[in-house]
Number of protein chains: 2
Amino acid sequence: MREVQVALGERSYPILIGEDVFKDPRFLDLVRNRMVAVVTDETVGALYSASVVAQISSCAARVLPVQLTIGESTKNWDNVNAIVTQLLDARFDRHSVIVALGGGVVGDVAGFAAAVYQRGIQFVQAPTTLLSMVDSSVGGKTGINHPLGKNMIGAFYQPQMVLMNLPFLRSLPAREVSAGLAEIIKHGAIADADYLDQVRQSMEELRGLDMEVLAKVIARSCEIKSEIVAADEREAGVRAHLNFGHTFGHAIEAGMGYGQWLHGEAVGAGMIMAADLSRRLKLLTDADFEMLKAVIVDAGLPTSGPQGAQWTPEHYLNLMSVDKKAEQGTPKFILLDGIGSAVFRRVPEAPVKETLVACTQN
Amino acid sequence: MREVQVALGERSYPILIGEDVFKDPRFLDLVRNRMVAVVTDETVGALYSASVVAQISSCAARVLPVQLTIGESTKNWDNVNAIVTQLLDARFDRHSVIVALGGGVVGDVAGFAAAVYQRGIQFVQAPTTLLSMVDSSVGGKTGINHPLGKNMIGAFYQPQMVLMNLPFLRSLPAREVSAGLAEIIKHGAIADADYLDQVRQSMEELRGLDMEVLAKVIARSCEIKSEIVAADEREAGVRAHLNFGHTFGHAIEAGMGYGQWLHGEAVGAGMIMAADLSRRLKLLTDADFEMLKAVIVDAGLPTSGPQGAQWTPEHYLNLMSVDKKAEQGTPKFILLDGIGSAVFRRVPEAPVKETLVACTQN
């Protein structure tokens, strides 16, 4: 089993990566004699809920399975309230525990429910997708969507631990493996050129779900993300680098209607756009741009924005101006200052429009 | 102007108590060039919103008045979502500020909106009632109600400062002044016998809204509350002492339907019950019980629970078992171990029932 620490003072926690993580004594101690809710969705629930519930039942006071309906639209208040209602009905108290068993959507909703249930109870992230293992399960971002924007309601709320059970990945569709690779590529692009090179060379094994290669890569991605989160928990500065590709990506997701493109697919195209913009601003060489684009192609991700006459630069700019990273209406961008190094800056509208035209298929 | 510090490390903040607190330079610096929402309700809005908005407008980038409908039922998700929607519509970003101008309900709802808007923005508590000045505006508890219990959804989220503008109190109905006195009496009862004696001797001036006496008493109550909050921000231990009278009080509020009894009235009756229970358990002398009861009478507060055949001990016990302070179904109580000293303990059902019979008018 591999282990990565997220160093956040009194809110520090371990990430456990391996094939039998639910048997870890720290997890068993956490749930011992507690009321424990295992929150999941239909897909994951059918595959894995029973075995996880059975393992927890051996030492918890009670295990309550809670099932959400699937999809990005799951990230709404009704689902948070449904969790709260079921916990109150079962008389869960402030010492109870929520285990979020699923992808990023389940983790975000269940984590936010944990953040607000009786002003906050303990929770454990148990991500079941590659994307949520390397991205949303680490760092404490929880939340739901609003009709006016993604993740507009939420909390920074850290889990007690993150359990990454690698065998879960065997049931993951290839498209979702690619989506997870987008965030892995991002970690190399913004923080570690050698790691990006390793990922590039291991792409076949990664897409083929070679457990040993996956474990190594997931651990390195978690290390990079953890270091950034530890330096800036509430995203006042360097944590924004993790949003490389996301300003464009969120615009794609918002404009398409959430769930049409997978988050990782939107980030794939978004990283190309952000790298193209970096090149136009003379921060990135053409060769590095082409290399990054090739890695994204190899991962099976889209490299341009959605098709359709409505995808004008103005449409993108409008979608981006309510992005959380916008300050009073003016979008800022995470750019690459060479591979392995990111910068956050305000960009004039002209080069942004050039990038949007260049990266849109019309 | 009096000032009390809430010492919470990087989350520390000042409480300013006086007659011109909105002109304090620290407040003006906080809102300077920011988007600022002033959240209030109909009653307070009609009286004070325009003047507060005008003062903030002198240096903010924009001031957005947001008005909630009045009453305890205001504490629901629809109102939180209404705030979020108005802020998103006005393109508020992560650097924007919410000012909660009103009583405890406005502070709880607006504070929770600040806690969850884009995962948390800055906010200022500007309490307009005596109750919210000495109780809910200090300590960072925010939240909303759920049909199955009061304050079951929320967050510990600290304001940047608390502005207590004493002239606001001149428009407060006498019944609400009494409700505020309940929490003031509580602070003396649990933490400072001399202070309780001062409050007892100043009762006439307090009920007559003598500004000098009020300022002194509000400052001392804020000190007591701040010290307790600083020692235990998330209510893992000593902060529970602030719930003296509240386990019984919440049962009264829940059973009556929120808003029928004022919170301070329910706490008044609840403190008598908790003191009666303390006496039965030989923690409090009969003389001290009678003294505390006399202070509560002098404050104009009820000293027994609601009338009606449904108010059996079993009804109370059932209402109390979903209280947040209950651990897995068994209620614990804050009791007085003499005046000025509180203890938190599990109590057998028999004396609790005796207290409930003794303190219910049937």
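Description of the structure in this document. The model shown is predicted, which means the values in this text are computed figures rather than measured ones.

A separate point is the pattern of salt bridges. Inspection of every chain in the model, using the stated rule, returns 44 salt bridges over all chains. A salt bridge links D197 of chain A to R200 of chain A; the shortest N-O distance between them is 3.1 Å. On the criterion of helical spacing, the pair formed by D197 of chain A and R200 of chain A is a turn pair, its members being three residues apart in helix α7 (residues 193–201). A relative accessible area of 30% means that D197 of chain A is categorised as partly exposed. Classification of R200 of chain A as partly exposed rests on a relative accessible area of 38%. One salt bridge in this structure joins E314 of chain B and K353 of chain B, with 3.2 Å as the shortest N-O distance. Taken together, the residues E314 of chain B in helix α13 (residues 313–320) and K353 of chain B in helix α14 (residues 349–358) connect sequence positions 39 residues apart.

Time to look at the interface of chain B and chain A. Often, the extent of an interface is quoted as the loss of accessible area upon association of its parts. Listed per partner, the contact involves 42 residues of chain B and 42 residues of chain A. Across the interface of chain B and chain A, roughly 3,900 Å² is buried in total on both sides, 51% from carbon and sulfur atoms. The interface formed by chain B and chain A includes two salt bridges. A salt bridge links E235 of chain A to R94 of chain B; the shortest N-O distance between them is 3.0 Å. At the boundary of chain B and chain A, one finds 14 residue pairs in polar contact (both at pLDDT 80 or more).

Glancing now at the pairing of strand β6 (residues 122–127) of chain A. Residue and element names in this part refer to chain A. Judged by how many residues are buried, β6 sits mostly within the fold: five of six residues are covered. Here strand β5 (residues 97–102) pairs with β6 via six bridges, running parallel. Bridged to G102 within β6 is P127. Considered for its hand, the β-α-β crossover made up of β5, helix α4 (residues 104–116) and β6 is right-handed.

Residues and elements named next belong to chain B. As for its position among the elements, E265 is in helix α11 (residues 263–280). Judged by its relative accessible area of 9%, E265 is buried. Beyond its immediate sequence surroundings of up to four residues, E265 is in contact with R175, A179, L301 and P302. Within polar-contact distance, the side chain of E265 engages the side chain of R175 at 2.6 Å.

Residues and elements named next belong to chain B. Bridge count for strand β1 (residues 2–6) against strand β2 (residues 13–18) is five bridges, and the pairing is antiparallel. Pairing of R2 across the sheet is with I17, part of β2. Counting the residues between successive antiparallel strands, the hairpin from β1 to β2 contains six residues, one of them, G9, with a positive phi of roughly 60 degrees.

This next bit is on the relation of the copies chain B and chain A. Here the second copy of the chain follows from the first by a rotation about an axis and a shift along it. Once turned by 180 degrees and shifted 0.0 Å along the axis, chain B lies on chain A with an RMSD of 0.0 Å. Read as a symmetry element, the transformation amounts to a two-fold axis. Considering only C-alpha atoms, the residue of chain B closest to the rotation axis is W77 of chain B, which sits at 4.2 Å. Looking at chain B, 100% of its interface residues are interface residues in chain A too, so the copies touch through the same face.

All names here are of chain B. Compared with an ideal rise of 1.5 Å per residue, which puts 13 residues at 18 Å, helix α12 (residues 286–298) spans 18 Å between its outermost C-alpha atoms and is within 8% of the ideal. Burial in α12 covers these residues: F289, L292, V295 and I296. The buried residues of α12 occupy one face: seen down the axis, they fall within an arc of 125 degrees. The inward-facing, buried residues of α12 abut α6 (174–191), α7 (193–201), α8 (203–207), α11 and β10 (332–336). A positive phi of about 85 degrees marks G300, the residue just after α12.

About the cut-offs
- Residues numbered from 1 in each chain as written.
- Chains lettered and ligands numbered in written order.
- Predicted model: local features only at pLDDT ≥ 70, side-chain atom pairs only at ≥ 80, totals over all residues.
- Heavy atoms only, no water.
- Salt bridge = Lys/Arg side-chain N within 4 Å of Asp/Glu carboxyl O.
- Helix = DSSP H or I, 4+ residues; strand = E, 2+ residues; numbered from the N terminus.
- Buried < 20%, exposed > 50% of the residue type's maximum accessible area, 1.4 Å probe, protein only.
- Contact = heavy atoms within 4.5 Å.
- Buried area = accessible area lost by both parts, 1.4 Å probe.
- Polar contact = N/O pair within 3.5 Å; in protein donor to acceptor, adjacent residues only side chain to side chain.
- Pairing = 2+ DSSP bridges.
- Right-handed = clockwise from strand over helix to strand, strands pointing away.
- Least-squares fit on C-alpha atoms with pLDDT ≥ 70 in both.
- Expected span 1.5 Å × (residues − 1).
- Arc of directions from axis to C-beta.

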